Amino acid sequence: MQGIIIAGGFGTRFRPLTYTRPKPLMPILNRPLLEYQVALLKAHGVDEIVFATNYMAEAIENHFGDGSRFGVKMRYAREEQPLGTAGAIRNAAASLWRREAVVVFNGDVVTDFDLSAIIAQHRQRGARATIALKAVPSPNPYGVIDLDADGRVLAWREPTEEQKKALAANPNIEQTGWDYINAGFYVLEPEVIESIPEGRIVSIEREIYPRMIEHGEGLYGVPAEGYWVDVAGPSHYWRVTNDILRGRTKVAPPGTPQAEGLWCMKGAEVRATLDAGATVHVGENAIVEEGVHLRGTVVIGAGCHIARGSVLEDCVLLEGVRIEEGADLTRVICDRDVVISAGCRIVDAVIAAGTCIRRESRLGTNW
Ligand code: GDD
Ligand code: MG
């Protein structure tokens, strides 16, 4: 089956990390977010994928190439200017292999949904479009959907971008109930895609689906069971990292378990012992010397070097990071090729790619 992944967003909430890569390539446990989607799609028979790209399109093309490394045929539909969610799908459809139903994924979702079951429901009903739904507490920054008893979509309430920002900025809002929300996975018949106007910005959530509801054009929803996260910003990033590493989802981390709480990829060398309760993921060829303390959830990227006497608590290090002797980091994300010199103490920080922090520096609060 054919699929489209819409992966052109700017990932502004992930800056500075998205200055060096598009959000869909953010490594989650040493594996780019999109690879989790590709693996899930492939497991459910989707083996031809078009990526709808815009921001840092070439990084996605360079990473996946023709897809042969992943056992999936891949093509790319680059937008000169972002075309919106429906515009991106319309543009990508020109690169599909055949005229038939396609599945569409928002490129920032990590899930273990049974996609085959959703596709089967779509076919059984003879639907024009089917949307996977997730039940989440309200209020929330997602597209909220009402269904009738037959699963037909009756109403769609997409918050404005301002409302989404306000909700995201205030995660402690009191829960008032539950909503079915658009989980960002669709099955679309070709005529739905062909009905999207060409050559301008079009939103599928604000324009195409509302039109289908108004005209009774066969738009259905399927409540899905399972794990689901929209990796919108750093707090979701921490959640998904922890959930996968601690086995709270069927989504599996790459690599192999080495010891209680420790996952390693090829060539990783961990000579340190983990503190009680720690879970650690170590990328290819990374070295963790003896006498390093690893606490909470720690992700160490490919080719990193962590020198003795240093302490990492709830940290993510992307590729090629060097932590020198006696450095102490709590709740820190280091982008690739960062150097933290000996004796530094850093709390609550995101360090941009290639930064070198001098010896004995103090950064952040509460230390
Ligand atoms: N190619 C391309 N071009 N991709 C785009 C564009 C575009 O113009 N605009 C957005 N995207 C991609 C983003 O990269 C992301 O993967 C996906 O479309 C969704 O965009 P977000 O900006 O993350 O939207 P959202 O999370 O606020 O809302 C959407 O997802 C929710 C579920 O995660 C909506 O579809 C909601 O209805 C839904 O509930
Ligand atoms: Mg999103």
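Everything quoted here is computed from the prediction, not taken from an experiment.

Thresholds, definitions, all that
- Residues numbered from 1 in each chain as written.
- Chains lettered and ligands numbered in written order.
- Predicted model: local features only at pLDDT ≥ 70, side-chain atom pairs only at ≥ 80, totals over all residues.
- Heavy atoms only, no water.
- Helix = DSSP H or I, 4+ residues; strand = E, 2+ residues; numbered from the N terminus.
- Rg over C-alpha atoms; globule rule 2.2 N^0.38 Å.
- Buried < 20%, exposed > 50% of the residue type's maximum accessible area, 1.4 Å probe, protein only.
- Contact = heavy atoms within 4.5 Å.
- Areas by Shrake-Rupley, 256 points an atom, 1.4 Å probe, with all protein chains shown as cover.
- Lys, Arg positive; Asp, Glu negative; His and termini not counted.
- Charge placed at Lys NZ, Arg CZ, Asp CG, Glu CD.
- Near = heavy atom within 4 Å.
- Nonpolar A, V, L, I, M, F, W, Y, C, P; charged D, E, K, R; others polar.

**Student:** Could you give me a rundown of the overall build of the protein, with the residues and numbers involved?
**Tutor:** Looking only at helices and strands, the protein features 8 helices and 25 strands. Expected size for 367 residues packed as a compact globule is a radius of gyration near 21 Å; at 22 Å, the protein falls within 12% of this value. Taken over the C-alpha atoms alone, the protein extends approximately 65 × 45 × 35 Å along its principal axes. Split into buried and exposed, the 367 residues of the protein put 54% on the buried side. Taking the contacts inside the protein whose residues are at least 6 apart along the sequence as the reference set, 52% of them involve residues at least 24 apart. For the protein, the exposed area adds up to about 16000 Å²; of that, 48% sits on carbon and sulfur atoms. Taking the average place of the 39 positive charges on the side chains of the protein and the average place of its 47 negative ones, the gap between the two points comes to 2 Å.

**Student:** Any chance you could break down the site of ligand 1 for me, citing the residues and the numbers?
**Tutor:** Looking at ligand 1, there are 24 residues lining it, with G84, D108, E158, N182 and E205 nearest. For the shell around ligand 1, the secondary-structure elements that each account for two or more residues are α3 (84-93), β9 (177-188) and β11 (228-230). With 3 residues, α3 is the largest single contributor of residues to the shell around ligand 1. Here the shell around ligand 1 is composed, by residue class, of 10 nonpolar, 8 polar and 6 charged.

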